[in-house]
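Geometric and topological summary
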Amino acid sequence: MNNRIKDLREDCDLTQTQVASAIGITQRKYSYIETGTQPLTEEVLVKLAKFYKVSTDYILRLTDDKN
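Described in the following lines is the structure provided in the data block. (Residues numbered from 1 in each chain as written. Predicted model: local features only at pLDDT ≥ 70, side-chain atom pairs only at ≥ 80, totals over all residues. Heavy atoms only, no water.)

1. A short note on the overall build of the protein
For clarity, the threshold we go by: By the criteria applied, helices consist of DSSP H or I runs no shorter than four residues and strands consist of E runs no shorter than two, each listed in order from the N terminus. Both definitions apply: the radius of gyration is a C-alpha atom measure, and the globule rule equals 2.2 Å times residues to the power 0.38. In this description, contact between two residues means that some pair of their heavy atoms is separated by no more than 4.5 Å. In this description, accessible areas are obtained by the Shrake-Rupley approach with a 1.4 Å probe, and a residue is regarded as covered only by the protein chains that are shown. Under the counting rule used here, the positive set is Lys and Arg, the negative set is Asp and Glu, and His together with the chain ends is not counted. Charge positions are represented by NZ for Lys, CZ for Arg, CG for Asp and CD for Glu.
When helices and strands are tallied, the protein shows 5 helices and 0 strands. In the protein, the order of α-helices and β-strands from amino to carboxyl end is α-α-α-α-α. For 67 residues, the compact-globule estimate of 2.2 N^0.38 gives 11 Å, and the C-alpha radius of gyration of the protein, at 11 Å, lies within 12% of that figure. The principal-axis extents of the C-alpha atoms in the protein amount to approximately 30 × 25 × 20 Å. A fraction of 47% describes how many contacts in the protein between residues 6 or more apart in sequence connect residues 24 or more apart. Total accessible area on the protein is roughly 4,300 Å²; 45% of this is exposed by carbon and sulfur atoms. For the protein, the separation between the mean place of its 10 positive charges and that of its 10 negative charges on side chains is 6 Å.

2. Focus on the packing of aromatic side chains
Keep this limit in mind: Under the pairing criterion, centres of Phe, Tyr and Trp rings, with the six-membered ring standing for Trp, must be within 6.5 Å; the plane angle then separates stacked pairs below 30 degrees from edge-to-face pairs above 60, leaving the rest tilted. By the criterion adopted, a ring carries a charge over it if an Arg CZ or a Lys NZ lies within 6 Å of its centre and within 35 degrees of its normal.
Scanning the entire structure with this criterion turns up 1 aromatic pair. Look at F51 and Y52: their rings are 4.9 Å apart centre to centre, the planes differ by 75°, and that puts the pair in the edge-to-face class. If you follow R4 out to its NZ or CZ, it ends over the ring of Y58, 3.9 Å from the centre.

3. Observations regarding the environment of Y58
To keep things clear, this is the line we draw: With a 1.4 Å probe rolled over the protein chains alone, any residue whose accessible area is under 20% of its type maximum counts as buried; one over 50% counts as exposed, and the rest are partly exposed.
Mapped onto the elements of the fold, Y58 is located in helix α5 (residues 56-59). Given a relative accessible area of 11%, Y58 falls into the buried group. Between the C-alpha atom of Y58 and that of V19, which follows or precedes it by 39 residues, the distance is 17 Å. Excluding residues within four positions of it along the chain, Y58 makes contact with R4, L8, T63, D64, D65 and K66.

4. Some words on the nonpolar core
Selection criterion: Throughout this description, the term nonpolar core refers to a set of buried Ala, Val, Leu, Ile, Met, Phe, Trp, Tyr and Cys residues connected via side-chain atoms within 4.5 Å.
Counting residues in hydrophobic clusters, the biggest one holds 17 residues, and the most contacted among them are Y30, L40, L48 and I59. Listed by contribution, the elements that provide at least two residues to this core are α1 (2-11), α2 (16-23), α3 (27-35), α4 (42-52) and α5. Take this core: its biggest share by element is 5 residues, from α4. Apart from the residues lying within four places of it in its own chain, the contact partners of L48 are I5, V19, I23, Y30, L40 and I59.

Structure follows, in structure tokens:
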């Protein structure tokens, strides 16, 4: 899961700071989520899915279909 979040960010040529700011969390918290140090909460999952315009299932690796 965390690698998919990192892959999405890198595919969009964004920094952790840019994504964190866009979804309303600190860069440090985002980094912890991306590396798996902190669990991905439902709230952050939904924000990331909306931000990247992908399904939550895609982020959770339940599907390879972004929609």
